[in-house]
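Each chain is listed here by its residues.
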Amino acid sequence: MQNSKQKSYACLFEHYENCFKSNGDCAQGVDWPNEKDAALRYDVMMDIIAHDRDSPRERKIKVLDFGCGLAHLYEHIQKQPQLSDQVTYIGSDISNTFVEACRLKYPNLKFTCFDVLQSDVPETVDYVVMNGVFTEKRNLSFDYMFSFMCRVLERTFKFVERGVAFNIMSPAVDYERDDLFHCPLDAIVNFITKVLGTRLFSIRSYGLYENTVYIYKAKKGEGD
């Protein structure tokens, strides 16, 4: 049972809403330090498709930007014509503030507001990307944040056809910030293999103090 003195995961999206209120529609508005590093993260997130040998080739690929914030991933995709032609973008966020901001910017796109721990993902997609969903824990305990991450991944993994990408802060640093979620990779691997039941995953590092994990759905006979 959650300690009554400990905040729930609501403190996470409330923090990002405050960033948006303070900084506006920019990288700092979703609490990334700068645009350059944010763009690198978007590239790494979308590489889940390129790294998937069984990625759909005969149709457009549905990508759910889970925790879409201000839809900066969509803007990044639009700058790359080949990727833009390949992907159907869908945005979602637990924060109605962000969903309404995205709908105002892009009224022709689909944005949904929901809490995956309280309701199902609205539709099945090929890939789910979670950029920044698990990088901060604010004043939540490590155990609470790890449990939250696992519950979200387990729920979301049921609704994807191919895979999920998410990032976490690396524990291989000189010091760990109390407000960030520095998660040991062996704990992630154990969760993927024991709970999600697949051995099809990869972990990428890319010059920032974090790692991105790709988890793929196993076809019948794979991952055993």
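Higher on the page you've got the structure.
Everything quoted here is computed from the prediction, not taken from an experiment. (Residues numbered from 1 in each chain as written. Predicted model: local features only at pLDDT ≥ 70, side-chain atom pairs only at ≥ 80, totals over all residues. Heavy atoms only, no water.)

Caption draft 1: Representation of the layout of surface pockets within the structure. As a volume, the largest pocket reaches approximately 450 Å³. Considering the residues around the largest pocket, the lining is formed by 17 residues, among which Pro33, Met169, Arg177, Leu180 and Tyr209 are closest to the centre. When the residues that make up the lining of the largest pocket are grouped by side-chain class, the tally is eight nonpolar, two polar and seven charged. (1 Å grid on protein atoms, 1.4 Å probe; cavity = no way out; pocket = protein on both sides within 12 Å on 5 of 7 lines; lining within 4 Å. Points joined across faces, edges and corners; volume = space filled by probe spheres on them. Nonpolar A, V, L, I, M, F, W, Y, C, P; charged D, E, K, R; others polar.)

Caption draft 2: Just helix H2 (residues 35-50), in detail. In a regular helix each residue adds 1.5 Å, so 16 residues correspond to 22 Å; H2 covers 23 Å between its end C-alpha atoms and thus fits that length. For H2, the set of buried residues is Ala38, Arg41, Tyr42, Val44, Met45, Met46, Ile48 and Ile49. (Helix = DSSP H or I, 4+ residues; strand = E, 2+ residues; numbered from the N terminus. Expected span 1.5 Å × (residues − 1). Buried < 20%, exposed > 50% of the residue type's maximum accessible area, 1.4 Å probe, protein only.)

Caption draft 3: Spotlight on the sheet that holds strand E7 (residues 210-216). Pairing in this open sheet of seven strands is mixed, and the strands run E3-E2-E1-E4-E5-E7-E6 from one edge to the other. The outermost strands of the open sheet, each flanked by one partner alone, are strand E3 (110-113) and strand E6 (201-204). Averaged over all pairs of adjacent strands, the angle between strand axes in this sheet comes to 20°, irrespective of strand direction. Strand direction decides the pairing type here: strand E1 (residues 61-66) and strand E2 (residues 87-93), joined by six bridges, are parallel. Bridge pairing links Ile61 to Val87 in E2. Strands E1, E2, strand E4 (125-130), strand E5 (160-169), E6 and E7 of the sheet are contacted by H2, whose axis makes an angle of about 20° with E7. (Pairing = 2+ DSSP bridges. Axes fitted to C-alpha atoms, helices over the stretch in contact; angles between N-to-C directions. Contact = heavy atoms within 4.5 Å.)

Caption draft 4: Spotlight on the packing of aromatic side chains. Throughout the structure, instances matching the rule amount to eleven aromatic pairs. Residues Tyr74 and Tyr106 carry aromatic rings whose centres are separated by 4.9 Å and whose planes lie at 70° to one another, so their mutual orientation is edge-to-face. Placement of the pair is Tyr74 in helix H3 (residues 72-78) and Tyr106 in the loop between helix H5 (96-105) and E3, with a sequence separation of 32 residues. For Tyr74, a relative accessible area of 15% corresponds to the buried category. For the ring pair Phe134 and Phe148, a centre distance of 6.2 Å and an interplane angle of 75° mean the geometry is edge-to-face. Taken together, the positions of Phe134 in the loop between E4 and helix H6 (142-157) and Phe148 in helix H6 put the pair 14 residues apart, joining distant regions of the chain. Across the pair, exposure class does not vary: Phe134 and Phe148 are buried alike. (Phe/Tyr/Trp six-rings, centres within 6.5 Å; stacked < 30°, edge-to-face > 60°.)

Caption draft 5: Region of the structure containing the nonpolar core. Counting residues in hydrophobic clusters, the biggest one holds 37 residues, and the most contacted among them are Phe66, Met130, Phe134, Phe148, Met149 and Phe166. Residue assignment for this core shows that the elements contributing at least two residues are helix H1 (10-23), E1, E4, H6, E5, helix H7 (185-196) and E7. Per-element tally for this core: the top contributor is H6, with eight residues. Those residues in contact with Phe134 that sit more than four places away from it in its chain are Met145, Phe148, Met149, Val152, Leu153, Phe166, Asn167, Ile168 and Phe181. Residues Tyr16, Cys102, Ala165 and Leu208 belong to the second largest nonpolar core, which totals 35 residues. (Core = buried A, V, L, I, M, F, W, Y, C linked by side-chain atoms within 4.5 Å.)

Caption draft 6: Spotlight on the side chain of His15. Among the structural elements, His15 can be located in helix H1. Setting aside its immediate chain neighbours within four residues, His15 contacts Asp31, Glu136 and Arg138.

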